[in-house]
Amino acid sequence: MHTALHAATRTLRAVFVVWAAFTLTFVALRLLPGDPVALMLSGRGGFAELTPQQVAQARTDLGFDRPLIVQYGSALAGALHGDLGASLQTGQPVSRMIADAIPPTLQVGTLALLLALALGTLLGVAANLTAIPLLRQLLRSLPSFAVSLPSFWVGLVLIQFLSFRWHLFPSLGDSGFDSVILPACTMAIPGAALVAQVLGKSLHTTLQEPYADTVRATGAGRARLLFRHGLRNAAIPAATVAGMLVGSLIGGAVVVETVFSRPGMGRITQSAVSAQDLPVVQGVVVVAALAFAVVNLLIDLMYPLLDPRIRATGRLVTA
C-alpha cells in the first residue's frame with residue numbers, strides 16, 4: 001500500500017514538473033524584449049523592406065496576433081499530442097529538429113554519465129577506504145577542486161594536450177566514437193566530482209553509525225564493512241545526485257557542443273536563443289524537463305529497493 005502510494009505521488013509530481021516547465025517557459029519567452037516575428041522576417045530578406053500589412057499578415061499566420069491565453073492553450077494542446085510547433089527561422093517542425101539532435105547529444109551524455117558515476121564512486125569509496133590520513137584528506141579535497149573547474153576551460157585543456165600535442169583524439173566534429181571521448185570527459189568531470197563529494201560524505205556518516213561498530217566487533221575489516229554494508233546505506237544521496245546530473249546534461253551540452261563544434265541539442269538551443277526562435281526554445285525546455293522528470297521518477301521508485309524502511313513508511317528515513 002505504501003509502495004503504491006509512493007509511486008502514485010512521485011508520478012503526479014513528475015507530471016507537475018513537466019507542466020510547470022512548459023508554462024513558466026511559455027510565459028518567460030513571451031515577456032522577452034524584442035519581436036520574434038521581426039527577427040524571423042529580417043532573416044528572410046529584410047524587415048525594413050516589408051510593409052506593415054505584410055508584417056501583420058505574418059503575425060496572423062504564426063498565431064502571434066491571438067490573445068496570450070489562446071496561444072498558451074493551443075501550444076499546450078499541441079505539446080500533449082507531440083506537436084511542438086514549427087521553427088520561426090527554418091519552418092521545420094520542432095519535434096523533428098529535436099529528434100535529429102538527440103542522438104549525438106545522447107551519445108556524449110550517456111558516456112559522460114557513465115564516466116561520472118564510475119569515477120565519482122571510485123573516488124568516494126577510495127577516500128573512505130584508505131587508512132592513510134594524508135591520502136584520505138587529499139582524496140576528499142579533489143572533488144571540491146574538480147567541481148570548481150569551468151567546463152569550457154576543461155574542454156580547451158583536453159583539446160590542447162590530447163588532440164594538438166599528443167594526437168590521441170580528434171579535437172572537433174562528429175566522426176565516430178573517438179570524437180565522443182573528449183566531449184564526454186569534459187561533461188563527466190564536474191559530475192564525477194559531485195558524485196564523489198556526496199557519496200564520500202554519505203559513506204563517512206554511515207560508517208559512524210552504531211551498526212557499524214557492531215559489524216566491526218564481529219572482526220570485519222574496513223573494506224568488508226564498506227562494501228557489504230556501507231555502500232548500500234549510503235547509495236540514496238548518490239542516486240539523487242545521479243538524477244540531477246541528467247538534468248544538467250542539456251546545460252552542459254550547450255558549452256561542450258560549442259567548444260567541440262558538434263551537432264546536438266546544445267547547438268540548436270544556442271542557435272534558437274540567439275535568434276529568439278520561441279518554439280524551438282520551448283521544445284528544448286520541455287524535452288529536457290521530461291527527461292529530467294522521467295529519470296528522477298525512476299530513481300524515486302528505486303528508493304524502496306535501496307532502503308526497506310521506505311517500503312514500510314512510504315517516505316525517506318534519515319535516522
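Bear in mind the structure is a predicted one, so any value in this text is a computation, not a measurement. (Residues numbered from 1 in each chain as written. Predicted model: local features only at pLDDT ≥ 70, side-chain atom pairs only at ≥ 80, totals over all residues. Heavy atoms only, no water.)

Details of helix α6 (residues 133–147)
Taking 1.5 Å per residue, 15 residues should reach 21 Å; α6 reaches 23 Å between its end C-alpha atoms and fits that length. Among the residues of α6, those classed as buried are Leu139, Pro143 and Ala146. Each element contacted by the buried residues of α6 is listed here: α5 (94–129) and α8 (178–206). (Helix = DSSP H or I, 4+ residues; strand = E, 2+ residues; numbered from the N terminus. Expected span 1.5 Å × (residues − 1). Buried < 20%, exposed > 50% of the residue type's maximum accessible area, 1.4 Å probe, protein only. Contact = heavy atoms within 4.5 Å.)

Regarding the packing of α5 against α8
Contact geometry for α5 and α8: axes closest at 6 Å, N-to-C directions at 35 degrees. Our pair here, α5 against α8, has a crossing hand that is right-handed. A breakdown of the residues in the contact of α5 with α8 according to their chemical character gives 21 nonpolar, 8 polar and no charged. (Axes fitted to C-alpha atoms, helices over the stretch in contact; angles between N-to-C directions. Left-handed = near helix turned anticlockwise from the far one by under 90°. Nonpolar A, V, L, I, M, F, W, Y, C, P; charged D, E, K, R; others polar.)

Brief notes about the environment of alanine 127
Assignment of secondary structure puts alanine 127 in helix α5. Each C-alpha atom of the pair alanine 127 and alanine 196 lies 8.9 Å from the other, and the pair is 69 residues apart in sequence. The residues contacting alanine 127, other than those within four sequence positions of it, are Arg136, Leu139 and Arg140.

A word on a nonpolar patch on the surface
A contiguous nonpolar patch, built from Ile132, Leu134, Leu135, Leu138 and Leu142 and spanning about 490 Å² of accessible area, is present on the exposed surface. Mapping leucine 138 onto the fold places it in helix α6. (Patch = residues over 30% accessible without salt bridge, like charges linked within 9 Å, V, L, I, M, F, W, Y side chains within 5 Å. Areas by Shrake-Rupley, 256 points an atom, 1.4 Å probe, with all protein chains shown as cover. Salt bridge = Lys/Arg side-chain N within 4 Å of Asp/Glu carboxyl O.)

A few points about the UniProt feature "transmembrane region" (unreviewed entry) in the protein chain
Mapped onto the present numbering, the UniProt feature "transmembrane region" (unreviewed entry) falls on residues 12–32, 111–135, 147–168, 180–199, 234–260 and 280–306. Secondary structure within residues 147–168 divides into 73% helix and 0% strand; the distance between the first and last C-alpha atoms comes to 25 Å. In the segment residues 180–199, helix accounts for 100% and strand for 0%; the C-alpha atoms at its two ends are 27 Å apart. (UniProt positions renumbered as here; feature names shortened; annotations may be inferred.)

Topic: the packing of aromatic side chains
Tallied over the full model, the rule gives 4 aromatic pairs. Their ring planes at 40 degrees and their centres at 5.8 Å tell us that phenylalanine 16 and tryptophan 19 sit as a pair that is tilted. Of this pair, phenylalanine 16 and tryptophan 19 both sit in helix α1 (residues 2–30), 3 residues apart, which is roughly one turn of that helix. Judged by relative accessible area, tryptophan 19 falls into the partly exposed class, the value being 42%. Aromatic side chains phenylalanine 161 and tryptophan 166 sit 5.8 Å apart centroid to centroid with 50 degrees between the ring planes, which places their arrangement in the tilted category. We classify tryptophan 166 as partly exposed; its relative accessible area is 49%. One aromatic cluster is present, built from ring pairs that chain together Phe22, Phe26 and Tyr72. (Phe/Tyr/Trp six-rings, centres within 6.5 Å; stacked < 30°, edge-to-face > 60°.)

A look at the packing of helix α7 (residues 151–165) against α8
Interaxial distance between α7 and α8 falls to 9 Å at its minimum, and their mutual angle equals 140 degrees. Comparing their axes, α8 and α7 come out oblique. Taken as a pair, α7 and α8 cross one another with a handedness that is right-handed. On α8, the residues that touch Ser151, Val154, Gly155, Leu158, Ile159, Leu162 and Ser163 of α7 are Leu182, Cys185, Thr186, Ile189 and Pro190. The residue makeup of the contact of α7 with α8, split by class, is 8 nonpolar, 4 polar and no charged. (Parallel < 35°, antiparallel > 145°, perpendicular 65-115°, else oblique.)

A look at the side chain of glutamine 282
Following the sequence through the fold, glutamine 282 ends up in helix α13 (residues 278–306). Looking at glutamine 282, the relative accessible area reads 7%, which means it is buried. The residues contacting glutamine 282, other than those within four sequence positions of it, are Phe22, Thr25, Phe26, Leu29 and Arg30.

Comments concerning the pattern of salt bridges
Tallying each qualifying case throughout the model produces 2 salt bridges. Put simply, arginine 10 and aspartate 300 hold a salt bridge, and the shortest N to O gap is 3.6 Å. Taken together, the positions of arginine 10 in helix α1 and aspartate 300 in helix α13 put the pair 290 residues apart, joining distant regions of the chain. Judged by relative accessible area, arginine 10 falls into the buried class, the value being 15%.

What to know about the side chain of threonine 23
Relative to the assigned elements, threonine 23 resides in helix α1. Look at threonine 23 and you get buried, because its relative accessible area is 15%. Among the polar contacts made by the side chain of threonine 23, one reaches the side chain of tyrosine 72 at a distance of 2.8 Å. (Polar contact = N/O pair within 3.5 Å; in protein donor to acceptor, adjacent residues only side chain to side chain.)

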